[in-house]
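Commentary on secondary and tertiary structure
Here are the chains, one letter per residue:
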Amino acid sequence: MKRNFLLAVLALVMALPLGAQNLLRHNYKKNNLIYTAAERQRIEAPSSKDYALQVKLSRVLFTDGQPVYILRIDVEDAVAWKMPVNAPLTITTSDGKQVLLKNSGDAPNMVAPQGVKNPSGKTVFLNYGEYYLEQPDMDKLLSGIVSVDLTKRWSSDGRIKVTYKNNELGSALSRQYKAITSAPKPSRELGSNLHSLQDQRGSRLVETNSVKVGDGISASMVYLYYAASNSESIDLNLQLDGYTVPFTNSVKIVTRSGETIVLKQEKDMPAGRVICYPTLEQVRQMSRGVARLVVQTTGGEKTFTFPSDELGKAVDTLYNSLMTVSVL
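Residues numbered from 1 in each chain as written. Predicted model: local features only at pLDDT ≥ 70, side-chain atom pairs only at ≥ 80, totals over all residues. Heavy atoms only, no water.

Overview of the packing of helix 2 (residues 135-142) against helix 3 (residues 168-181)
It is the contact of helix 2 with helix 3, at a shortest axis distance of 9 Å, that shows an interaxial angle of 130°. By the angle class used here, helix 2 and helix 3 are oblique. Between helix 2 and helix 3, the residues in contact are Gln135, Met138, Leu141 and Leu142 and Leu173, Ser174 and Tyr177, respectively. In terms of residue class, the contact of helix 2 with helix 3 is built from 5 nonpolar, 2 polar and no charged. (Axes fitted to C-alpha atoms, helices over the stretch in contact; angles between N-to-C directions. Helix = DSSP H or I, 4+ residues; strand = E, 2+ residues; numbered from the N terminus. Parallel < 35°, antiparallel > 145°, perpendicular 65-115°, else oblique. Contact = heavy atoms within 4.5 Å. Nonpolar A, V, L, I, M, F, W, Y, C, P; charged D, E, K, R; others polar.)

Spelled out as structure tokens, the structure:
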């Protein structure tokens, strides 16, 4: 029941206006490079003859401070097709400039491989291309976008052109760009924290290692991608040695900024084990710092404090580790 409710909430979040969400998806340092990405956004088709697009902007920041941007575009279509490598994408900006990019993506598409319902209830497939940009071309796109003209196959009828009257695509990219460029630079190396990864019928399940965050306290996380609904969720697993948390009892996380995240024990678990279902936004709140954990145990309310932010740092590390293999 909880999972069905969560998927409905996720579907609602995907339909929110472009400015209504926290767009920063992940931000981590690995091998001295900084990887930052925004949440993907759906751009409605301007007319019934056009294609809706889903876009996601990522950035890799090199040690010399120079960035490379990765623009992923998924084209909603009634049929599935694979965009050829090196297929061109021409973007015309508001001031009449053209930016020519080439598709670099060649990996199988994990996003909704069996199709997914769009907001109107029609089954569509998301057919993707990935394009690399340096800062000068990124700056051109930020000036506004009039149209995109992309090649989906090498044939006379293999082009898709979408024209925007109100800079819908350009506005989305500007918001994503602001989210990834305003994120603080992480200082800690991410390392390797994944325990297992399973794919089945287009869905994905990823488990992290368990990380000690205090005396008798540890945390781990699980990422799930659901192909049928094109949505995802995260489980937060806690080990609290010596304590039993009954089913439905409250698990409160107080962040270092004073916010309280109210969760609960989601299953009838053995002594010491707790499983919670935070939203992705709640996980990101925790990753910015956790002051204390307040749990209703069989012996009453128990508070665990984290003077050096051990739990917040663990959540940040585990969440970003999961994001390295997430689907969306």
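Resuming the write-up.
Thoughts on the sheet that holds strand 10 (residues 145-151)
Two orientations exist for strands paired in a sheet by backbone hydrogen bonds: parallel and antiparallel. Strand order in the open sheet made by the 4 strands is 7-6-10-11, with antiparallel pairing throughout. Edge positions in the open sheet fall to strand 7 (98-102) and strand 11 (159-163), since each of these has one partner strand only. Looking at each pair of strands side by side, their axes are set apart by 15° on average, direction ignored. In this sheet, strand 10 lies alongside strand 6 (residues 88-93) in antiparallel orientation, the contact comprising 5 bridges. Considered in strand 10, the bridge of Thr93 is made with Ile145. Its contacts with the sheet put helix 2 on strand 6, strand 7 and strand 10, and the angle it makes with strand 7 is roughly 125°. (Pairing = 2+ DSSP bridges.)

A short note on the pairing of strand 20 (residues 290-297)
As defined by bridge partners, strand 17 (residues 250-255) adjoins strand 20 across 5 bridges and the pair is classed as antiparallel. Bridge pairing links Thr255 to Val290 in strand 20. Examined bridge by bridge, strand 20 and strand 21 (residues 300-305) share 6 bridges and lie antiparallel to one another. By the bridge assignment, Arg292 is partnered in strand 21 with Thr305. Between strand 20 and strand 21, which follow one another and run antiparallel, lie 2 residues.

Concerning the pairing of strand 13 (residues 203-208)
Going residue by residue along strand 13, you find Arg204, Val206 and Thr208 tucked away on one face and Ser203, Leu205 and Glu207 left uncovered on the opposite face. Bridge count between strand 12 (residues 194-200) and strand 13: 6 bridges; the pairing is antiparallel. Paired with Ser196 across the bridge in strand 13 is Glu207. Linking strand 12 back to strand 13 in an antiparallel pair, the connection comprises 2 residues, with Arg201 at a positive phi of about 55°. (Buried < 20%, exposed > 50% of the residue type's maximum accessible area, 1.4 Å probe, protein only.)

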